[in-house]
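Architecture and fold: a report
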Amino acid sequence: NAGVTQTPKFRVLKTGQSMTLLCAQDMNHEYMYWYRQDPGMGLRLIHYSVGEGTTAKGEVPDGYNVSRLKKQNFLLGLESAAPSQTSVYFCASSSGSGTSGRAFNEQFFGPGTRLTVL
Amino acid sequence: SQQGEEDPQALSIQEGENATMNCSYKTSINNLQWYRQNSGRGLVHLILIRSNEREKHSGRLRVTLDTSKKSSSLLITASRAADTASYFCATDGEGYSTLTFGKGTMLLVSP
């Protein structure tokens, strides 16, 4: 199993450009999450999804949109990138049910996407 | 807002020593989790302790939880250079489906 994968690994954008980050998981997890990590700030939740076709806002949703058309994929979009969105973006997933002795909200993370907006 | 806050922000020790990191949180929780992040990588789940548990062990890791003080500690015994990483606590107090992460403790283990 690949676990959680993210595409692309690196990206440089100019202010005002748009892009989509793709997250894919092969663990049949119900829940998926997008975080951003900035120096000294820890991880902050942008948006999340508790199942196919559902999305919800996290702590810092402004400037981002998401879609969960397929259970295994969770897309994060930036419609008009700003320098303040320069960050490392992590996707994560969790089962949504307490199986195999694990808590339903134990999260599995992707390797991250490093985004720079000039 | 951050639910969990780790202390210290940074910790530097020698191989073989024990490392202790603390986490404080604000609201009631169902469970508290600890994650590790190696430089430039994604987070990896280490251990979970439920709100009705007081102590849990996994290999060289020992986690304690004091719900009356809303605090947890992570002890890594006999540290190795490979333990060098950032360690984060995460709580689910504000909703079962999401976790809130602290800002992390950076651990440096020198050979």
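See the structure shown above.
Everything quoted here is computed from the prediction, not taken from an experiment. Sequence order as written defines residue numbering, which begins from 1 separately in each chain. Chains and ligands are labelled by the order in which they are written, letters from A for the one and numbers from 1 for the other. Thresholds applied to this predicted model are a pLDDT of at least 70 for local features of residues and 80 or more for the giving and counting of side-chain atom pairs; totals over whole chains, interfaces and linings are not thresholded and use all residues. Hydrogens and water molecules were not included; the side-chain quantities draw on all heavy atoms of the structure.

Remarks on the interface of chain A and chain B
Where interface size is given, it is often the accessible area lost as the parts come together that is meant. Here, two residues are considered to be in contact whenever any of their heavy atoms come within 4.5 Å of each other. Taken together, the contact pairs 24 residues of chain A with 22 residues of chain B. Joining two parts hides part of their accessible area as seen by a 1.4 Å probe, and the buried area is that hidden amount summed over both. Across the chain A/chain B interface, buried area totals approximately 1700 Å², and carbon plus sulfur atoms make up 52% of it. In terms of surface lost to chain B, no three residues of chain A exceed A:L43, A:N105 and A:F109, which account for 27% of the buried area on that side. Basic side-chain nitrogens of Lys or Arg form a salt bridge, by our definition, when they fall within 4 Å of a carboxyl oxygen of Asp or Glu. At the surface where chain A touches chain B, the tally comes to zero salt bridges. Pairs of N or O atoms within 3.5 Å make up the polar contacts considered here, provided that, within protein, one atom can donate a hydrogen while the other can accept it, and that residues adjacent in sequence are counted only when both atoms are side-chain atoms. Applying the counting criterion to the chain A and chain B interface returns four residue pairs in polar contact (both at pLDDT 80 or more). At the level of secondary structure, the elements contributing two or more residues to the side of chain A that touches chain B comprise β4 (31–38) and β5 (42–49) of chain A. Counting from the N terminus, the helices are the DSSP runs of H or I reaching at least four residues and the strands are the DSSP runs of E reaching at least two. Top contributing element to the side of chain A that touches chain B by residue count: β5(A), with five residues. Residues are grouped as follows: Ala, Val, Leu, Ile, Met, Phe, Trp, Tyr, Cys and Pro are nonpolar; Asp, Glu, Lys and Arg are charged; every other residue, Gly included, is polar. Of the residues belonging to the side of chain A that touches chain B, the class tally is 13 nonpolar, seven polar and four charged.

Quick look at unusual backbone geometry
In this structure, the amide linkage connecting A:T7 to the following residue, A:P8, adopts the cis form with an omega of -5°. As for its position among the elements, A:P8 is in the loop between β1 (4–7) and β2 (10–13).

So, the sheet that holds strand β8 (residues 71–76) of chain B
Residues and elements named next belong to chain B. In this scheme, strands are said to pair when DSSP sees at least two bridges between them. Read from one edge to the other, the open sheet built from five strands follows the order β1-β3-β8-β7-β6, with strand pairing classed as antiparallel. Among the strands making up the open sheet, the edge pair consists of β1 (5–7) and β6 (55–58). Strand-to-strand twist across the sheet, computed as the mean angle between neighbouring axes with direction ignored, equals 20°. Pairing of β1 with strand β3 (residues 19–24) involves three bridges; the strand directions are antiparallel. In the sheet register, E5 faces β3, and the bridge partner there is S24. Here the axes come from fitting lines to C-alpha atoms, over the contacting stretch only for helices, and the angles between their N-to-C directions go from 0 to 180 degrees.

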